[in-house]
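The primary structure of each chain is shown beneath.
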Amino acid sequence: MSFKLQHITDDATAATGALGTILGIGGLVSLIACPLAGRLSDRTASRFGRRRPWIVGGAIVAFLSLLANLGFS
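Description of the structure in this document.

**Regarding a nonpolar patch on the surface**
A cluster of nonpolar residues, Val56, Ile60, Phe63, Leu64, Leu67 and Leu70, forms a patch on the protein surface that exposes about 610 Å² of accessible area. Looking at where Ile60 falls in the secondary structure, it is placed in helix H3 (residues 52–72).

Structural data, given as structure tokens:
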């Protein structure tokens, strides 16, 4: 990620600040999203179990994210 930011910005200080901001926001989102997803998965009642639908959904989202990333490269 730091190489991408250095490519986007010419100033090394701006790239460092942007990287810190991105990682900080990602950490805060993770702090909220992980317990929320865990709570939702614990309450999931499916014939496939509690975790399997979330694993399959996560795999689909990851695959679509990779496809989208290939389009922006």
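This is not the end of the story, as more comes after the structure.
**Focus on the side chain of Thr44**
Considering the arrangement of structural elements, one finds Thr44 in the loop between helix H2 (12–43) and H3. At 2.7 Å, the side chain of Thr44 forms a polar contact with the side chain of Trp54.

**Details of H2**
Here H2 contains 32 residues, and its C-alpha end-to-end distance of 46 Å stays within 8% of the 46 Å for a straight helix at 1.5 Å per residue. At Ser30, H2 is bent by approximately 25°, the largest bend along its length.

**Observations concerning the pattern of salt bridges**
Throughout the structure, instances matching the rule amount to one salt bridge. Between Arg51 and Asp42 there is a salt bridge, and its shortest N-O distance comes to 2.8 Å. You can call Arg51 partly exposed: its relative accessible area is 41%. On the basis of relative accessible area, Asp42 is assigned to the partly exposed category, the value being 39%.

Cut-offs and rules
Residues numbered from 1 in each chain as written. Predicted model: local features only at pLDDT ≥ 70, side-chain atom pairs only at ≥ 80, totals over all residues. Heavy atoms only, no water. Patch = residues over 30% accessible without salt bridge, like charges linked within 9 Å, V, L, I, M, F, W, Y side chains within 5 Å. Areas by Shrake-Rupley, 256 points an atom, 1.4 Å probe, with all protein chains shown as cover. Salt bridge = Lys/Arg side-chain N within 4 Å of Asp/Glu carboxyl O. Helix = DSSP H or I, 4+ residues; strand = E, 2+ residues; numbered from the N terminus. Polar contact = N/O pair within 3.5 Å; in protein donor to acceptor, adjacent residues only side chain to side chain. Expected span 1.5 Å × (residues − 1). Bend = angle between axes of the 7 residues up to and from the residue. Buried < 20%, exposed > 50% of the residue type's maximum accessible area, 1.4 Å probe, protein only.

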